[in-house]
Amino acid sequence: MSSVVLLPYAPSSVAVARQRLSMDLQDSGVFATAIDDAVLVVSELLSNALRHAHPLPSGMVRVAWLRSDGHIEVAVSDGGAATEPRAARPTLSSLGGRGLGIVEYVAESWGVRHDGDTTTVWAILPAPQTASMNGQVAALKEAG
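Reading guide: rules and limits
Residues numbered from 1 in each chain as written. Predicted model: local features only at pLDDT ≥ 70, side-chain atom pairs only at ≥ 80, totals over all residues. Heavy atoms only, no water. Pairing = 2+ DSSP bridges. Helix = DSSP H or I, 4+ residues; strand = E, 2+ residues; numbered from the N terminus. Axes fitted to C-alpha atoms, helices over the stretch in contact; angles between N-to-C directions. Expected span 1.5 Å × (residues − 1). Buried < 20%, exposed > 50% of the residue type's maximum accessible area, 1.4 Å probe, protein only. Arc of directions from axis to C-beta. Contact = heavy atoms within 4.5 Å. Lys, Arg positive; Asp, Glu negative; His and termini not counted. Salt bridge = Lys/Arg side-chain N within 4 Å of Asp/Glu carboxyl O. Polar contact = N/O pair within 3.5 Å; in protein donor to acceptor, adjacent residues only side chain to side chain. Core = buried A, V, L, I, M, F, W, Y, C linked by side-chain atoms within 4.5 Å.

(A) Geometry of the sheet that holds strand β1 (residues 2-8). Pairing is antiparallel across the open sheet formed by five strands, whose spatial order is β1-β2-β3-β5-β4. A single partner strand is all that each edge strand has here, and the edge strands are β1 and β4 (109-115). Adjacent strand axes in the sheet meet at a mean angle of 15°, parallel and antiparallel pairs treated alike. As defined by bridge partners, β4 adjoins strand β5 (residues 118-126) across seven bridges and the pair is classed as antiparallel. Paired with S109 across the strands is I124, a residue of β5.

Next comes the structure, spelled out in structure tokens:
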């Protein structure tokens, strides 16, 4: 299962991306806690792109996800920024700067890819399926 969504370079796109990802993962039978983690990571990556980076030349941002082998890779692509995305170490009194630290904590791995003027921040998370979905898939294969 994979999906690519082009969204306006606007704060309202965060809610749209969260909803689309959540629905896709629910439909594919991923555990609710894994869905919550993936949605949190997409929210952080997309919010950071909107806050710190430029839009793609089209004026949009791209959100993509790919689920395979019990994992999901989520990625947000933008037009790049003056600085490289990195996890900060904010003080206790800081009002922000925790987003990529949260991603680092929740994801198995994360990183940054550059392709010309496009910067993509990605993360890989566990995305196990529920037992009932695994049983349905097995039954379909046997019937098949």
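(B) Geometry of helix α1 (residues 12-27). Its 16 residues give α1 an end-to-end C-alpha distance of 23 Å, which sits within 8% of 22 Å, the value for a rise of 1.5 Å per residue. Every buried residue belonging to α1 is among S13, V14, A17, L21, S22 and L25, and all of these are buried. Axial view of α1: buried residues confined to an arc of 160°, hence all on one face. With respect to the buried face of α1, the exposed residues turned more than 90 degrees away are S12, A15, Q19 and D27. Buried positions along α1 lie against β1, α2 (32-52), β2 (60-68) and β3 (71-78). Looking one or two places after α1, you find G29, whose phi comes out positive at around 85°.

(C) Main features of the side chain of R67. Inspection of the secondary structure puts R67 in strand β2. The buried charged residue R67 lacks any salt bridge, with D69 as its nearest oppositely charged partner at 8.0 Å. A distance of 3.3 Å separates the side chain of R67 from the side chain of S28, its partner in a polar contact. Sequence-distant contacts of R67, defined by excluding residues within four places in its chain, comprise M1, L25, S28, V30, I72, A127 and Q129.

(D) Here's a closer look at the nonpolar core. One finds L21, L46, I72 and V74 to be the most contacted residues of the largest nonpolar core, which totals 31 residues. Of all the elements in the fold, those that place two or more residues in this core are β1, α1, α2, β2, β3, α3 (99-106) and β5. Element by element, the count of residues in this core is highest for α2, at 10 residues. Not counting residues up to four positions away in its chain, the partners in contact with I72 are L21, L25, A38, W65, L66, R67, A123, I124, L125 and A127.

(E) The arrangement of the environment of Q129 in detail. Position of Q129 relative to the elements: it lies in the loop between β5 and α4 (131-143). Owing to a relative accessible area of 22%, Q129 belongs among the partly exposed residues under this scheme. Taking the C-alpha atoms as reference points, Q129 and G29, separated by 100 residues in sequence, lie 5.2 Å from one another. In this structure the side chain of Q129 is engaged in a polar contact, spanning 2.8 Å, whose partner is the backbone oxygen of S28.

Shape is all these values report; function is a separate question.
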